[in-house]
Amino acid sequence: MAKRAREGLHALGLRVLLHPIDLAPSRTEVLENGPGLLAKALSAELGVPYRISGEAVLGADLTLRLGGDAPF
């Protein structure tokens, strides 16, 4: 699933860094530490929810968490 997501995000012109986690989230969502404009745009493109959250990976513009409902 992560590979398909990376390919889809590359097709949108985004640079992707994988950051594996031990426990998969229950839902797919886009996270942003900043004002939310980038997260809102990506969530609209992917059809998944977004939120402003301190849980986004530090140093990343956006974090995409892939849950079982991922559109990839």
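Note: the structure precedes this text.
The present account deals with the structure reproduced in this document. Since the structure is predicted, the reported quantities are computational estimates derived from the model, not experimental observations. (Residues numbered from 1 in each chain as written. Predicted model: local features only at pLDDT ≥ 70, side-chain atom pairs only at ≥ 80, totals over all residues. Heavy atoms only, no water.)

So, about the environment of alanine 5. Its place among the elements puts alanine 5 in helix α1 (residues 2-11). Among the residues examined, alanine 5 registers a relative accessible area of 4% and is labelled buried. Non-local contacts of alanine 5, meaning those with residues more than four positions away in its chain, are made with Leu66 and Phe72. (Helix = DSSP H or I, 4+ residues; strand = E, 2+ residues; numbered from the N terminus. Buried < 20%, exposed > 50% of the residue type's maximum accessible area, 1.4 Å probe, protein only. Contact = heavy atoms within 4.5 Å.)

Tallied over the entire structure, the rule returns 5 salt bridges. Across the pair arginine 51 and glutamate 29 runs a salt bridge, and its minimum N-O distance is 2.9 Å. You can see arginine 51 sitting in strand β2 (residues 50-52) and its partner glutamate 29 sitting in strand β1 (residues 29-32), a full 22 residues away along the chain. Relative accessible area serves as the criterion here: at 4%, glutamate 29 is assigned to the buried category. The residue arginine 65 makes a salt bridge to glutamate 29 at a minimum N-O spacing of 3.5 Å. With arginine 65 in strand β3 (residues 63-65) and glutamate 29 in strand β1, this pair connects stretches of sequence that are 36 residues apart. Through salt bridges with shared partners, one network takes in Arg27, Glu29, Arg51, Glu55 and Arg65. (Salt bridge = Lys/Arg side-chain N within 4 Å of Asp/Glu carboxyl O.)

Here we come to the sheet that holds β2. Across the sheet, which stays open at both edges, the 3 strands sit in the order β2-β1-β3 with mixed pairing between neighbours. Two strands bound the open sheet, and with one partner strand each, they are β2 and β3. Strand-to-strand twist of the sheet, defined as the mean angle between neighbouring strand axes without regard to direction, takes the value 25 degrees. Relative to β3, β1 runs antiparallel, the two sharing 3 bridges. Bridging from a neighbouring strand, leucine 31 pairs with threonine 63 of β3. Docked against the sheet, helix α2 (residues 37-46) engages β1, β2 and β3, running at close to 170 degrees with respect to β1. (Pairing = 2+ DSSP bridges. Axes fitted to C-alpha atoms, helices over the stretch in contact; angles between N-to-C directions.)

Structural measurements only, silent on function.
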